[in-house]
Amino acid sequence: MQTLTLTRPDDFHLHLRDGAAMRDALPWSARQFARAIIMPNLKPPVVRLQQALDYRDRILAALPAGSDFTPLMTLYLTDDTTPEMVEEARTSGVVHAFKLYPAGATTNSDSGVTELKRIYPALEAMQRVGMPLLIHGEVTDPDVDVFDREAVFIDRHLVALHRAFPELKIVLEHITTAHAAAYVREASELDAQGVPRLAATITAHHLLHNRNAMFRGGLRPHYYCLPVLKRETHRQALLDAATSGDPRFFLGTDSAPHARNTKETACGCAGCFTAANALELYCAAFEQRDALQRLDDFASRFGAAFYGLPRNSGTLTLERSAWDVPAMLPYADAEIVPLHAGEVMEWRLAAAG
Ligand code: NCD
Ligand code: ZN
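Presented here is a report on the structure given in the accompanying data block. What you see is a predicted model; the values in this text were computed from it and never measured. (Residues numbered from 1 in each chain as written. Chains lettered and ligands numbered in written order. Predicted model: local features only at pLDDT ≥ 70, side-chain atom pairs only at ≥ 80, totals over all residues. Heavy atoms only, no water.)

**A short note on the site of ligand 1**
Around ligand 1, 15 residues are found, and the nearest of them are Asn41, Thr106, Leu226, Asp254 and His258. Within the side chain of Asn41, one N or O atom sits 2.8 Å away from an oxygen atom of ligand 1. Taking 320 Å² as the accessible area of ligand 1 by itself, protein coverage stands at 100%. A molecule is said to occupy a pocket when more than half its atoms come within 2 Å of that pocket's grid points, and by this definition ligand 1 occupies the largest cavity. Classifying every residue of the shell around ligand 1 gives 4 nonpolar, 9 polar and 2 charged. (Near = heavy atom within 4 Å. Polar contact = N/O pair within 3.5 Å; in protein donor to acceptor, adjacent residues only side chain to side chain. Areas by Shrake-Rupley, 256 points an atom, 1.4 Å probe, with all protein chains shown as cover. 1 Å grid on protein atoms, 1.4 Å probe; cavity = no way out; pocket = protein on both sides within 12 Å on 5 of 7 lines; lining within 4 Å. Sits in = over half its atoms within 2 Å of the grid points. Nonpolar A, V, L, I, M, F, W, Y, C, P; charged D, E, K, R; others polar.)

**Quick look at the pairing of strand E10 (residues 315-324)**
Sheet analysis places strand E1 (residues 3-7) next to E10, joined by 5 bridges and oriented antiparallel. Bridge pairing in E10 places Thr5 opposite Thr317. Two strands pair when backbone bridges link them, and E10 and strand E13 (residues 344-352) are joined in this way by 7 bridges, in the antiparallel orientation. The residue of E13 that forms the bridge with Arg320 is Trp347. (Pairing = 2+ DSSP bridges. Helix = DSSP H or I, 4+ residues; strand = E, 2+ residues; numbered from the N terminus.)

**A few points about the packing of helix H5 (residues 149-164) against helix H6 (residues 178-187)**
Taken N-terminus to C-terminus, the directions of H5 and H6 make an angle of 15°; their axes are 10 Å apart at the nearest point. Taken together, the axis directions place H5 and H6 in an arrangement best described as roughly parallel. Classified by chirality, the crossing of H6 by H5 is right-handed. Every residue of H6 that contacts H5 at Glu150, Ala151, Ile154, Asp155, Leu158, Val159 and His162 is listed here: His179, Ala180, Tyr183 and Ala187. Classifying every residue of the contact of H5 with H6 gives 7 nonpolar, 2 polar and 2 charged. (Axes fitted to C-alpha atoms, helices over the stretch in contact; angles between N-to-C directions. Parallel < 35°, antiparallel > 145°, perpendicular 65-115°, else oblique. Left-handed = near helix turned anticlockwise from the far one by under 90°. Contact = heavy atoms within 4.5 Å.)

**Digging into the nonpolar core**
Core analysis: the largest hydrophobic core is formed by 93 residues, its most contacted members being Leu133 and Leu295. If one sorts the elements of this core by residue count, helix H10 (residues 278-288) sits on top with 7 residues. Ignoring sequence-local partners within four residues, the contact set of Leu133 consists of Leu77, Phe98, Leu100, Leu123, Met126, Leu161, Leu168, Lys169, Ile170 and Val171. Phe12, Ile37, Leu72 and Tyr101 belong to the second largest nonpolar core, which has 18 residues in total. (Core = buried A, V, L, I, M, F, W, Y, C linked by side-chain atoms within 4.5 Å. Buried < 20%, exposed > 50% of the residue type's maximum accessible area, 1.4 Å probe, protein only.)

**Let's talk about the pattern of salt bridges**
Evaluation of the coordinates by the stated rule reveals 16 salt bridges. The salt bridge partner of Asp79 is Arg118, with a shortest N-O separation of 3.3 Å. Taken together, the residues Asp79 in the loop between strand E4 (70-76) and helix H3 (83-92) and Arg118 in the loop between strand E5 (95-100) and helix H4 (120-129) connect sequence positions 39 residues apart. With a closest N to O distance of 3.1 Å, Glu87 and Arg128 form a salt bridge. Of this pair, Glu87 sits in helix H3 while Arg128 sits in helix H4, and the two are 41 residues apart along the sequence. Taking the relative accessible area as the measure of exposure, Arg128 reaches 49% and is therefore partly exposed. Members of the salt-bridge network, linked through shared partners, are Glu87, Glu124 and Arg128. (Salt bridge = Lys/Arg side-chain N within 4 Å of Asp/Glu carboxyl O.)

Following this line, the structure appears as structure tokens:
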């Protein structure tokens, strides 16, 4: 295969940040994706509808001329999210999901939920109005090994939550383990249209790398993200899930930009910046399984079906043509290091239309 034409894809998990950082991050996503689910973990977090409306306006104002990129907004769940806030968000038509960060789990999650029981009234309302719940599925218990936090979250919390709210639409975000893939496959029934209630997004970096990548010849901060990369058996299970043609698994880059100096430091931020070469990275992953023909469903169909959105019109074409990923890109008043910086990529974005 020398070229690959996809329906214009969507990114169902994206961090755009705000201000000057957003102005530099956004064009990369708008170049490749028609729509993206925008994460609400700003400082302060996007908790109320009005904040989401304002953030959306700032994103639209920062788009390159001629871009028709659509930001799909989310709200950040806190202990104080009420059923009325859920209903108001649903009525707005602008908010497409609520995001659950266990308090302290990751970047800017201090205002996250301290105990799931506290948000049961909000979850009940989300189930009733058909508002999806997006979960950062890691326990924050410091006694739990960092590599086990996803599996423990599923066993301690997600199984019970899914049983308590069987009709609630749930996305387990950026899954990293065989355990998560198996749970989503087994626990999630498809409806008459073949759409799952419980689904998972998978990043390109978790499909391409195992945890050795963080330690190859020394400490490699640009491979540090949360949930952290896992061992090779898990990566293989994620590749199985992503390339299986199962509608429970779809694309979410979790592109999480952090300036170079906040990654290359004594206590570096978690997050891989993949927006600049997202589809090229997914092509490399799918090619490992000789499954490029499955990328269109994963990138352009299953996620839209889950969210009840129409498929995009237009296409995105990639060609097999080697290129070097830049060592750095401009980012606010500093620079950012994209994933695979300085390395050769086999696939190149050719055209969008
Ligand atoms: C994300 C960020 O930087 O906002 N970081 C990451 O490692 N993925 C937060 C998140 O999604 O966990
Ligand atoms: Zn994220």
